[in-house]
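Each chain is listed here by its residues.
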Amino acid sequence: MSDGQKEASNAVVRAIQHNLILLVWAVCGSGKTEVLFNGLAHALTNQKSVCIATPRTDVVLELAPRLQKVFPSLVISPLYAGHSDPHSQFVVSTTHQMIRFKNYFDVMIIDEVDAFPYSVDSSLQYNVDKARKQGGSLIYLTATPSPLILKKENLQIVRIPSRYHGFPLPIPTCHWSGNWRKKINKGHLPNILIQWLKKQVSERKPVLLFLPSIKIINQTKDVFEKNHFRCESVHSEDENRAEKVLRFRNKEIPILLSSTILERGITIENISVAVIGAEDEVFTESALVQIAGRAGRSKTFPDGDVRFFHYGKTNAMLEAIKHIKKMNVEAREKGWLN
(Lines give C-alpha, C1' and ligand atoms only; values in the text may rest on other atoms or scores of the structure.)
Protein backbone atom coordinates (compact mmCIF):
# COMPACT_ATOMS: atom_id res chain seq x y z
CA MET A 1 0.00 0.00 0.00
CA SER A 2 0.96 3.64 -0.41
CA ASP A 3 1.86 5.71 2.64
CA GLY A 4 -1.60 7.28 2.57
CA GLN A 5 -3.28 3.88 2.37
CA LYS A 6 -1.21 2.54 5.27
CA GLU A 7 -2.17 5.49 7.45
CA ALA A 8 -5.85 5.05 6.65
CA SER A 9 -5.68 1.25 7.00
CA ASN A 10 -4.32 1.60 10.54
CA ALA A 11 -7.11 4.05 11.36
CA VAL A 12 -9.74 1.59 10.08
CA VAL A 13 -8.31 -1.22 12.23
CA ARG A 14 -8.39 1.05 15.31
CA ALA A 15 -11.97 2.09 14.56
CA ILE A 16 -13.08 -1.56 14.38
CA GLN A 17 -11.11 -2.56 17.48
CA HIS A 18 -12.45 0.29 19.61
CA ASN A 19 -15.89 0.82 18.02
CA LEU A 20 -15.13 4.33 16.79
CA ILE A 21 -16.78 6.59 14.20
CA LEU A 22 -14.31 7.26 11.38
CA LEU A 23 -14.34 9.18 8.11
CA VAL A 24 -11.87 8.01 5.47
CA TRP A 25 -11.65 11.10 3.25
CA ALA A 26 -9.85 9.69 0.22
CA VAL A 27 -9.49 11.13 -3.28
CA CYS A 28 -11.01 9.18 -6.18
CA GLY A 29 -8.63 6.41 -7.19
CA SER A 30 -6.71 6.41 -3.91
CA GLY A 31 -7.49 2.74 -3.36
CA LYS A 32 -9.91 3.19 -0.47
CA THR A 33 -11.36 -0.31 -0.89
CA GLU A 34 -7.91 -1.81 -0.22
CA VAL A 35 -7.68 0.37 2.91
CA LEU A 36 -10.50 -1.73 4.37
CA PHE A 37 -8.87 -5.15 3.98
CA ASN A 38 -6.87 -5.32 7.24
CA GLY A 39 -9.78 -3.99 9.24
CA LEU A 40 -12.18 -6.44 7.61
CA ALA A 41 -9.80 -9.31 8.30
CA HIS A 42 -9.62 -8.29 11.96
CA ALA A 43 -13.42 -8.03 12.24
CA LEU A 44 -14.14 -11.33 10.49
CA THR A 45 -11.45 -13.21 12.44
CA ASN A 46 -13.13 -12.02 15.62
CA GLN A 47 -16.52 -13.23 14.41
CA LYS A 48 -17.91 -9.72 13.91
CA SER A 49 -20.69 -9.23 11.39
CA VAL A 50 -19.82 -6.69 8.69
CA CYS A 51 -21.84 -4.65 6.23
CA ILE A 52 -20.51 -2.46 3.45
CA ALA A 53 -23.49 -0.35 2.38
CA THR A 54 -23.54 1.93 -0.65
CA PRO A 55 -26.26 4.05 -2.29
CA ARG A 56 -25.77 2.59 -5.78
CA THR A 57 -26.38 -0.90 -7.16
CA ASP A 58 -23.51 -0.34 -9.63
CA VAL A 59 -21.08 -0.03 -6.73
CA VAL A 60 -22.37 -3.26 -5.14
CA LEU A 61 -21.81 -5.05 -8.44
CA GLU A 62 -18.26 -3.71 -8.60
CA LEU A 63 -17.35 -4.27 -4.94
CA ALA A 64 -18.73 -7.75 -4.23
CA PRO A 65 -16.55 -9.68 -6.76
CA ARG A 66 -13.42 -7.76 -5.69
CA LEU A 67 -14.01 -8.58 -2.04
CA GLN A 68 -14.79 -12.22 -2.83
CA LYS A 69 -11.33 -12.55 -4.42
CA VAL A 70 -9.73 -11.10 -1.29
CA PHE A 71 -11.74 -13.34 1.07
CA PRO A 72 -12.29 -16.47 -1.06
CA SER A 73 -13.19 -18.77 1.84
CA LEU A 74 -16.07 -16.57 3.05
CA VAL A 75 -19.64 -16.31 1.84
CA ILE A 76 -20.22 -12.69 0.82
CA SER A 77 -23.87 -11.72 0.35
CA PRO A 78 -24.54 -9.02 -2.26
CA LEU A 79 -27.95 -7.45 -1.63
CA TYR A 80 -29.75 -5.12 -4.03
CA ALA A 81 -33.16 -4.80 -5.66
CA GLY A 82 -34.12 -8.12 -7.23
CA HIS A 83 -31.15 -9.99 -5.77
CA SER A 84 -31.25 -11.41 -2.23
CA ASP A 85 -28.57 -13.96 -1.41
CA PRO A 86 -28.81 -15.71 1.97
CA HIS A 87 -27.54 -13.47 4.74
CA SER A 88 -24.01 -14.17 5.88
CA GLN A 89 -21.46 -12.69 8.27
CA PHE A 90 -20.31 -10.37 5.44
CA VAL A 91 -22.87 -8.34 3.48
CA VAL A 92 -22.33 -5.90 0.60
CA SER A 93 -25.57 -4.05 0.05
CA THR A 94 -27.39 -1.02 -1.23
CA THR A 95 -28.54 1.25 1.57
CA HIS A 96 -32.16 0.48 0.59
CA GLN A 97 -31.73 -3.14 1.70
CA MET A 98 -30.88 -2.08 5.26
CA ILE A 99 -34.61 -2.00 6.00
CA ARG A 100 -34.28 -5.79 6.51
CA PHE A 101 -31.94 -5.52 9.49
CA LYS A 102 -32.17 -4.33 13.08
CA ASN A 103 -29.30 -4.16 15.57
CA TYR A 104 -27.44 -6.69 13.40
CA PHE A 105 -24.00 -5.51 12.27
CA ASP A 106 -20.97 -5.02 14.51
CA VAL A 107 -19.21 -3.05 11.77
CA MET A 108 -21.08 -0.71 9.42
CA ILE A 109 -19.10 0.76 6.52
CA ILE A 110 -20.89 3.29 4.31
CA ASP A 111 -19.18 3.73 0.96
CA GLU A 112 -19.84 6.93 -1.01
CA VAL A 113 -21.74 8.33 1.96
CA ASP A 114 -22.48 11.62 0.20
CA ALA A 115 -24.08 10.00 -2.85
CA PHE A 116 -27.73 10.32 -3.89
CA PRO A 117 -30.19 9.10 -2.66
CA TYR A 118 -28.70 8.24 0.75
CA SER A 119 -27.38 11.78 1.27
CA VAL A 120 -30.86 13.33 1.01
CA ASP A 121 -33.14 10.53 2.26
CA SER A 122 -33.58 10.52 6.04
CA SER A 123 -35.39 7.15 5.94
CA LEU A 124 -32.36 5.48 4.34
CA GLN A 125 -30.10 7.06 6.96
CA TYR A 126 -32.42 5.83 9.71
CA ASN A 127 -32.45 2.26 8.35
CA VAL A 128 -28.67 2.13 8.07
CA ASP A 129 -28.30 3.40 11.63
CA LYS A 130 -30.92 0.88 12.84
CA ALA A 131 -29.06 -1.99 11.15
CA ARG A 132 -25.88 -1.28 13.14
CA LYS A 133 -25.57 -2.65 16.64
CA GLN A 134 -25.58 0.03 19.31
CA GLY A 135 -21.97 0.90 20.04
CA GLY A 136 -20.72 -0.82 16.89
CA SER A 137 -18.07 0.81 14.73
CA LEU A 138 -19.15 3.14 11.92
CA ILE A 139 -16.85 3.98 9.01
CA TYR A 140 -17.65 6.49 6.26
CA LEU A 141 -15.82 6.44 2.91
CA THR A 142 -15.90 9.24 0.34
CA ALA A 143 -13.85 11.69 -1.69
CA THR A 144 -16.41 14.45 -1.17
CA PRO A 145 -17.82 14.51 2.39
CA SER A 146 -20.83 16.73 3.00
CA PRO A 147 -20.84 19.38 5.76
CA LEU A 148 -23.34 17.21 7.68
CA ILE A 149 -20.89 14.32 7.84
CA LEU A 150 -18.04 16.59 8.91
CA LYS A 151 -20.18 17.87 11.81
CA LYS A 152 -20.85 14.38 13.25
CA GLU A 153 -20.08 14.07 16.96
CA ASN A 154 -16.97 12.07 17.97
CA LEU A 155 -15.95 11.81 14.32
CA GLN A 156 -12.34 10.90 13.64
CA ILE A 157 -10.95 11.78 10.21
CA VAL A 158 -8.09 10.35 8.17
CA ARG A 159 -7.31 11.85 4.74
CA ILE A 160 -5.68 10.34 1.67
CA PRO A 161 -5.00 13.24 -0.73
CA SER A 162 -3.09 11.12 -3.26
CA ARG A 163 -3.76 8.13 -5.48
CA TYR A 164 -2.16 4.77 -4.78
CA HIS A 165 0.12 5.13 -7.86
CA GLY A 166 1.59 8.46 -6.68
CA PHE A 167 0.61 10.57 -9.69
CA PRO A 168 -1.39 13.79 -9.22
CA LEU A 169 -5.12 13.99 -9.88
CA PRO A 170 -5.96 15.18 -13.42
CA ILE A 171 -7.15 18.80 -13.36
CA PRO A 172 -10.33 19.43 -15.40
CA THR A 173 -10.26 22.21 -17.98
CA CYS A 174 -13.28 24.38 -18.86
CA HIS A 175 -14.30 24.93 -22.49
CA TRP A 176 -17.06 27.25 -23.66
CA SER A 177 -19.26 25.37 -26.12
CA GLY A 178 -21.94 27.98 -26.82
CA ASN A 179 -25.64 27.15 -26.67
CA TRP A 180 -25.10 23.41 -26.90
CA ARG A 181 -28.76 22.57 -26.15
CA LYS A 182 -29.92 24.58 -29.15
CA LYS A 183 -27.36 22.88 -31.39
CA ILE A 184 -28.37 19.40 -30.24
CA ASN A 185 -32.05 20.26 -30.77
CA LYS A 186 -31.13 21.12 -34.36
CA GLY A 187 -29.20 17.87 -34.82
CA HIS A 188 -25.71 19.34 -34.48
CA LEU A 189 -22.80 19.12 -32.02
CA PRO A 190 -20.55 21.98 -30.86
CA ASN A 191 -17.43 22.08 -33.03
CA ILE A 192 -15.14 22.12 -30.01
CA LEU A 193 -16.72 18.87 -28.81
CA ILE A 194 -16.42 17.24 -32.25
CA GLN A 195 -12.71 18.05 -32.46
CA TRP A 196 -12.09 16.68 -28.96
CA LEU A 197 -14.04 13.49 -29.65
CA LYS A 198 -12.20 12.86 -32.91
CA LYS A 199 -8.87 13.14 -31.11
CA GLN A 200 -9.88 10.70 -28.35
CA VAL A 201 -11.32 8.17 -30.80
CA SER A 202 -8.22 8.40 -33.05
CA GLU A 203 -6.06 7.65 -30.00
CA ARG A 204 -8.35 4.71 -29.14
CA LYS A 205 -9.26 6.12 -25.75
CA PRO A 206 -12.62 5.13 -24.28
CA VAL A 207 -14.77 8.24 -23.82
CA LEU A 208 -17.19 8.63 -20.92
CA LEU A 209 -19.47 11.59 -21.54
CA PHE A 210 -21.84 12.92 -18.86
CA LEU A 211 -25.06 14.80 -19.66
CA PRO A 212 -27.65 16.48 -17.41
CA SER A 213 -30.78 14.39 -18.05
CA ILE A 214 -32.18 11.24 -19.65
CA LYS A 215 -34.04 13.30 -22.27
CA ILE A 216 -30.83 15.06 -23.34
CA ILE A 217 -28.93 11.75 -23.35
CA ASN A 218 -31.45 10.25 -25.78
CA GLN A 219 -31.36 13.34 -28.00
CA THR A 220 -27.57 13.44 -27.99
CA LYS A 221 -27.25 9.75 -28.82
CA ASP A 222 -29.28 10.32 -31.99
CA VAL A 223 -27.11 13.32 -32.93
CA PHE A 224 -23.90 11.38 -32.26
CA GLU A 225 -24.99 8.57 -34.55
CA LYS A 226 -26.00 11.11 -37.20
CA ASN A 227 -22.46 12.52 -36.98
CA HIS A 228 -20.97 9.00 -37.30
CA PHE A 229 -19.83 8.64 -33.68
CA ARG A 230 -20.56 5.08 -32.54
CA CYS A 231 -21.87 5.18 -28.98
CA GLU A 232 -24.20 3.76 -26.35
CA SER A 233 -26.07 5.39 -23.47
CA VAL A 234 -26.89 4.49 -19.87
CA HIS A 235 -29.02 6.01 -17.14
CA SER A 236 -30.97 5.03 -14.02
CA GLU A 237 -33.96 3.69 -15.99
CA ASP A 238 -31.84 1.55 -18.33
CA GLU A 239 -32.38 -2.14 -17.50
CA ASN A 240 -29.35 -3.10 -19.65
CA ARG A 241 -27.00 -0.69 -17.88
CA ALA A 242 -24.70 -3.35 -16.38
CA GLU A 243 -24.30 -5.12 -19.74
CA LYS A 244 -23.47 -1.87 -21.56
CA VAL A 245 -20.90 -0.86 -18.94
CA LEU A 246 -19.27 -4.28 -19.31
CA ARG A 247 -19.11 -3.85 -23.09
CA PHE A 248 -17.63 -0.39 -22.62
CA ARG A 249 -15.06 -1.83 -20.21
CA ASN A 250 -14.19 -4.45 -22.85
CA LYS A 251 -13.73 -1.68 -25.45
CA GLU A 252 -16.63 -2.89 -27.55
CA ILE A 253 -18.22 0.57 -27.20
CA PRO A 254 -15.94 3.57 -27.93
CA ILE A 255 -18.19 6.29 -26.41
CA LEU A 256 -20.59 5.91 -23.50
CA LEU A 257 -23.12 8.65 -22.74
CA SER A 258 -24.26 8.69 -19.13
CA SER A 259 -26.26 10.50 -16.52
CA THR A 260 -24.62 11.07 -13.13
CA ILE A 261 -25.41 7.39 -12.38
CA LEU A 262 -21.79 6.57 -13.34
CA GLU A 263 -20.11 9.43 -11.49
CA ARG A 264 -18.84 6.84 -8.99
CA GLY A 265 -17.86 3.21 -8.78
CA ILE A 266 -16.50 2.73 -12.30
CA THR A 267 -12.85 2.31 -13.24
CA ILE A 268 -11.85 2.10 -16.92
CA GLU A 269 -8.20 2.17 -17.96
CA ASN A 270 -6.96 5.05 -20.17
CA ILE A 271 -10.38 6.74 -20.18
CA SER A 272 -11.12 10.31 -21.27
CA VAL A 273 -13.95 12.04 -19.44
CA ALA A 274 -16.11 15.03 -20.33
CA VAL A 275 -19.27 16.79 -19.21
CA ILE A 276 -21.62 18.42 -21.72
CA GLY A 277 -23.57 21.18 -20.02
CA ALA A 278 -21.35 21.35 -16.94
CA GLU A 279 -23.23 24.51 -15.95
CA ASP A 280 -26.43 22.52 -15.24
CA GLU A 281 -27.45 22.46 -11.57
CA VAL A 282 -27.31 18.65 -11.46
CA PHE A 283 -23.52 18.96 -11.70
CA THR A 284 -22.71 20.01 -8.14
CA GLU A 285 -19.17 20.45 -6.88
CA SER A 286 -19.10 16.93 -5.44
CA ALA A 287 -20.55 15.42 -8.64
CA LEU A 288 -17.91 17.14 -10.77
CA VAL A 289 -15.10 16.05 -8.44
CA GLN A 290 -16.36 12.46 -8.65
CA ILE A 291 -16.71 12.65 -12.44
CA ALA A 292 -13.17 13.99 -12.80
CA GLY A 293 -12.07 11.13 -10.55
CA ARG A 294 -12.92 8.58 -13.25
CA ALA A 295 -9.82 9.63 -15.23
CA GLY A 296 -6.17 8.76 -14.63
CA ARG A 297 -6.86 5.96 -12.14
CA SER A 298 -4.47 3.46 -13.72
CA LYS A 299 -0.75 3.44 -12.95
CA THR A 300 -0.15 2.72 -16.64
CA PHE A 301 -2.25 5.71 -17.76
CA PRO A 302 -2.26 8.25 -14.89
CA ASP A 303 -2.72 11.39 -17.05
CA GLY A 304 -6.41 11.29 -17.91
CA ASP A 305 -8.09 14.08 -19.88
CA VAL A 306 -11.09 15.75 -18.18
CA ARG A 307 -13.14 18.47 -19.92
CA PHE A 308 -16.05 20.58 -18.70
CA PHE A 309 -17.93 21.80 -21.80
CA HIS A 310 -20.24 24.63 -20.73
CA TYR A 311 -22.45 27.58 -21.65
CA GLY A 312 -21.18 29.67 -18.74
CA LYS A 313 -18.95 28.78 -15.78
CA THR A 314 -20.55 28.09 -12.41
CA ASN A 315 -19.26 28.23 -8.84
CA ALA A 316 -19.63 24.44 -8.71
CA MET A 317 -17.21 24.04 -11.62
CA LEU A 318 -14.68 26.44 -10.12
CA GLU A 319 -14.95 24.91 -6.64
CA ALA A 320 -14.52 21.39 -8.04
CA ILE A 321 -11.29 22.40 -9.79
CA LYS A 322 -10.13 24.20 -6.63
CA HIS A 323 -10.92 21.07 -4.55
CA ILE A 324 -8.85 18.82 -6.84
CA LYS A 325 -5.91 21.25 -6.94
CA LYS A 326 -5.97 21.51 -3.13
CA MET A 327 -5.68 17.74 -2.78
CA ASN A 328 -2.70 17.70 -5.15
CA VAL A 329 -1.01 20.42 -3.08
CA GLU A 330 -1.60 18.50 0.16
CA ALA A 331 -0.30 15.26 -1.36
CA ARG A 332 2.81 17.05 -2.66
CA GLU A 333 3.47 18.62 0.74
CA LYS A 334 3.29 15.17 2.35
CA GLY A 335 5.78 13.84 -0.20
CA TRP A 336 3.27 11.35 -1.55
CA LEU A 337 3.51 12.32 -5.24
CA ASN A 338 6.03 10.96 -7.73
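Quantities reported herein were computed from a predicted structural model and do not represent experimental measurements.

Draft legend 1. Just the packing of aromatic side chains, in detail. All chains considered together, the criterion is met by eight aromatic pairs. For the pair Phe 37 and Phe 71, a centre-to-centre distance of 6.4 Å together with 90 degrees between the ring planes defines the contact as edge-to-face. With Phe 37 in helix H3 (residues 37–45) and Phe 71 in the loop between helix H4 (57–70) and strand S3 (76–80), this pair connects stretches of sequence that are 34 residues apart. Residue classification places Phe 71 among the buried positions, given a relative accessible area of 11%. Ring centres of Phe 224 and Phe 229 lie 5.8 Å apart, and the angle between their planes is 50 degrees; this geometry places the pair in the tilted category. By relative accessible area, which is 0% here, Phe 224 ends up buried. Since its relative accessible area comes to 9%, Phe 229 is described here as buried.

Draft legend 2. Summary view of the environment of Asp 58. Among the secondary structure elements, Asp 58 is positioned in helix H4. Placed 22 residues apart in sequence, Asp 58 and Tyr 80 show a C-alpha to C-alpha distance of 9.7 Å. Contact partners of Asp 58, with chain neighbours within four places excluded, come to Arg 241, Ile 261 and Leu 262.

Draft legend 3. A look at helix H8 (residues 191–202). Counted at 1.5 Å a residue, the expected span for H8 with its 12 residues is 16 Å, and the 16 Å between its end C-alpha atoms agrees. Among all positions in H8, only Leu 193, Ile 194, Trp 196, Leu 197 and Gln 200 are buried. With its buried residues spanning 165 degrees around the axis, H8 presents them on a single face. For H8, the exposed residues lying more than 90 degrees away from the buried face are Asn 191, Gln 195 and Ser 202.

Definitions and cut-offs
Residues numbered from 1 in each chain as written. Predicted model: local features only at pLDDT ≥ 70, side-chain atom pairs only at ≥ 80, totals over all residues. Heavy atoms only, no water. Phe/Tyr/Trp six-rings, centres within 6.5 Å; stacked < 30°, edge-to-face > 60°. Helix = DSSP H or I, 4+ residues; strand = E, 2+ residues; numbered from the N terminus. Buried < 20%, exposed > 50% of the residue type's maximum accessible area, 1.4 Å probe, protein only. Contact = heavy atoms within 4.5 Å. Expected span 1.5 Å × (residues − 1). Arc of directions from axis to C-beta.

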